[in-house]
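Per-entry structural report
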Amino acid sequence: MRRTIDWDGDAVTIIDQTALPADYRVLTLRTVDELIDAIRRLAVRGAPALGAAGALGVVLATREGGDVRASADRVAKARPTAVNLSWGVARALEKLDDGAEAVLAEALEILDEDERLNRAASAHAAEIVLALCNRRPLRLLSHCNAGHLATVAWGSALGVVWHLHERGLVESVLVDETRPLLQGARLTAWELAQAGVPYQVQPDGAAAAAMARGLVDCVLVGADRIAANGDVANKIGTYGLAIAARHHGVPFVVVAPSSTVDASLATGAQIAIEERAPDELRTLAGAAITPPDAGVFNPAFDVTPAELISAVVTEHGRYRPR
């Protein structure tokens with residue numbers, strides 16, 4: 001598979017994640033506004049991929065001219081929860097005084113290192129999962145999408161599945177549908193099918209029942225921001241999944257590159273939680289499924305306390321909370 005997000009010489013290219021699985025298409029983004037729109041509507045998403053998008057947004061800003069830092073700030077604020085977006089912007093801006101080509105070189109370095117870091121993080125996590133689970137082959141449960149599509153390449157939490165599958169250690173993966181935009185059912189299921197990994201899609205509300213029936217050996221999720229104490233912000237529903245896993249004695253493992261750790265935040269209570277548009281719940285495929293004036297609570301993320309997590313794993317191994 002091509003990179004989820006890349007630079008083609010004069011523009012940003014992305015796999016359009018709003019079109020999958022029905023249509024595999026690549027979009028070319030030539031302006032900061034086009035990139036911001038793609039980020040906001042989730043055409044490009046996933047914390048590591050957003051880090052790359054942030055850096056490439058600064059590249060586009062240097063080519064547009066004008067106030068580069070103001071344009072970069074707009075990119076950084078396109079989505080508030082995933083720290084990688086602002087991290088990528090800040091890292092590229094560090095090279096701004098050295099000129100546009102230095103900014104581009106830094107952005108390309110972020111692209112190149114992404115697969116390397118996520119392969120390392122998921123390899124560490126695979127060994128931790130094997131140490132936590134006695135049964136072989138494993139029945140895993142995933143939430144949202146933390147695979148190739150959430151990164152520049154390879155994947156974080158779903159990268160663990162790739163490592164274990166290569167060794168014949170995966171029996172199957174239960175895939176939560178996951179709001180918003182059913183990213184588990186559309187994206188994770190598509191990636192697993194492409195890789196030939198057996199899977200089943202389930203409604204998010206079935207996860208606890210699956211654990212109660214003994215169908216889950218380990219839960220694997222990614223992260224959009226990790227506080228210094230180990231609290232984790234991830235896609236909405238992760239917190240409830242962690243509570244169910246703790247109740248049923250199922251290991252709960254978070255996998256993310258170290259750029260997802262925000263040491264400036266003491267706890268997850270300080271993480272800003274994005275809320276999505278009400279019509280994402282009021283409509284389905286353009287048709288109304290609620291009364292038109294229905295009130296909506298539609299957070300895109302929640303925060304899972306560190307005490308519910310078996311391990312947070314980065315490319316450096318287990319993250320040790322501060």
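Conventions adopted
- Residues numbered from 1 in each chain as written.
- Predicted model: local features only at pLDDT ≥ 70, side-chain atom pairs only at ≥ 80, totals over all residues.
- Heavy atoms only, no water.
- Helix = DSSP H or I, 4+ residues; strand = E, 2+ residues; numbered from the N terminus.
- Polar contact = N/O pair within 3.5 Å; in protein donor to acceptor, adjacent residues only side chain to side chain.
- Contact = heavy atoms within 4.5 Å.
- Domains from an automatic or database assignment.
- Buried area = accessible area lost by both parts, 1.4 Å probe.
- Salt bridge = Lys/Arg side-chain N within 4 Å of Asp/Glu carboxyl O.
- 1 Å grid on protein atoms, 1.4 Å probe; cavity = no way out; pocket = protein on both sides within 12 Å on 5 of 7 lines; lining within 4 Å.
- Points joined across faces, edges and corners; volume = space filled by probe spheres on them.
- Nonpolar A, V, L, I, M, F, W, Y, C, P; charged D, E, K, R; others polar.
- UniProt positions renumbered as here; feature names shortened; annotations may be inferred.
- Pairing = 2+ DSSP bridges.
- Axes fitted to C-alpha atoms, helices over the stretch in contact; angles between N-to-C directions.
- Parallel < 35°, antiparallel > 145°, perpendicular 65-115°, else oblique.
- Left-handed = near helix turned anticlockwise from the far one by under 90°.

Quick look at the side chain of Thr304 now. Position of Thr304 relative to the elements: it lies in strand S14 (residues 301-304). Only 3.4 Å separates the side chain of Thr304 from the backbone nitrogen of Tyr239, close enough to count as a polar contact. Dropping the residues within four chain positions of it, Thr304 is found in contact with Asp231, Val232, Thr238, Tyr239, Ala242 and Ile309.

Turning next to the domain arrangement of the protein. Splitting the protein by domain gives domain 1 (5-113) and domain 2 (124-318). Domain 1 puts 24 residues into the contact, and the matching count from domain 2 is 27 residues. Buried area between domain 1 and domain 2, both sides added, is near 2200 Å², and the carbon and sulfur share of it is 57%. Broken down residue by residue, the surface that domain 1 buries against domain 2 is led by Arg45, Thr81 and Val83, which jointly contribute 28%. At the boundary of domain 1 and domain 2, one finds one salt bridge. Residues Glu274 and Arg79 are paired through a salt bridge, measuring 2.9 Å at the closest nitrogen-oxygen approach. At the junction of domain 1 with domain 2, the criterion picks out 15 residue pairs in polar contact (both at pLDDT 80 or more).

We now examine the layout of surface pockets. Each pocket or cavity is described by its volume, and for the largest pocket that value is around 160 Å³. Lining the largest pocket are 14 residues, and of these Trp87, Glu113, Leu117, Pro257 and Ser259 lie nearest its centre. Partitioned by chemical class, the residues of the lining of the largest pocket number six nonpolar, four polar and four charged. Shared between two domains, the lining of the largest pocket takes at least three residues from each, and those domains are domain 1 (5-113) and domain 2 (124-318).

Time to look at the side chain of His163. Within the secondary structure layout, His163 lies in helix H6 (residues 157-166). At a separation of 3.1 Å, a polar atom in the side chain of His163 contacts the side chain of Ser122. Apart from the residues within four sequence positions on either side, His163 is in contact with Arg119, Ser122, Ala123, Ala126 and Trp154.

Those residues carrying the UniProt feature "active site" (unreviewed entry) are Asp224 in this numbering. Here Asp224 lies in the loop between strand S7 (218-221) and strand S8 (225-227). In this structure Asp224 touches Ala47, Thr81, Ala82, Val83, Asn84, Ala233, Asn234, Lys235, Thr260 and Phe301, once residues within four positions along its chain are discounted.

Per the UniProt annotation, the sites labelled "binding site: substrate" (unreviewed entry) are Arg45, Gly46, Ala47, Arg79, Gln183, Asn234 and Lys235. Of the annotated set, the members that line the largest cavity are Arg45, Gly46, Ala47, Arg79, Gln183, Asn234 and Lys235. In this structure, Arg45 sits in the loop between helix H1 (32-40) and helix H2 (47-64). Beyond its immediate stretch of four places on either side in the chain, Arg45 contacts Gln17, Leu50, Arg79, Cys144, Asn145, Leu149, Ala150, Gln183 and Leu187. Within polar-contact distance, the side chain of Arg45 engages the backbone oxygen of Asn145 at 2.7 Å.

To continue, consider the sheet that holds S8. If you trace the four strands from one edge of the open sheet to the other, you get S11-S8-S9-S14, paired in mixed fashion. With partners counted over all chains shown, the strands left at the sheet margins are strand S11 (261-262) and S14, one partner each. Bridge count for S8 against strand S9 (residues 232-235) is two bridges, and the pairing is antiparallel. Directly across from Arg225, in S9, lies its bridge partner Ala233. Along the sheet, helix H9 (residues 238-248) contacts S9 and S14; its crossing angle with S14, the most-contacted strand, is approximately 35 degrees.

Another aspect to go through is empty space enclosed by the protein. In the structure shown here, the tally under the stated rule is two cavities of 30 Å³ or more. Estimated volume of the largest cavity: approximately 160 Å³. Residue lining of the largest cavity: 21 residues in total, with Gly46, Ala47, Asn145, Asp224 and Asn234 positioned closest to the centre. Of all the secondary structure elements, the ones that give two or more residues to the lining of the largest cavity are H2 and S9. When residues of the lining of the largest cavity are sorted by domain, at least three fall in each of domain 1 (5-113) and domain 2 (124-318). The wall of the second largest cavity is formed by Ser142, His143, Cys144, Asn145, Ala146, Ala157, Leu158, Thr188 and Leu220.

Helix-helix packing is described using two parameters, namely the angle between the two axes and the distance between the axes. Running from amino to carboxyl end, helix H3 (residues 68-76) crosses helix H4 (residues 83-93) at an angle of 160 degrees, the nearest separation of the two axes being 8 Å. Put simply, H3 runs roughly antiparallel to H4. Both H3 and H4 take part in a crossing whose hand is right-handed. Contact residues: H3 offers Val68, Arg69, Ala72, Val75 and Ala76, while H4 offers Leu85, Ser86, Val89 and Leu93. Of the residues contributing to the contact of H3 with H4, the split by class is seven nonpolar, one polar and one charged.

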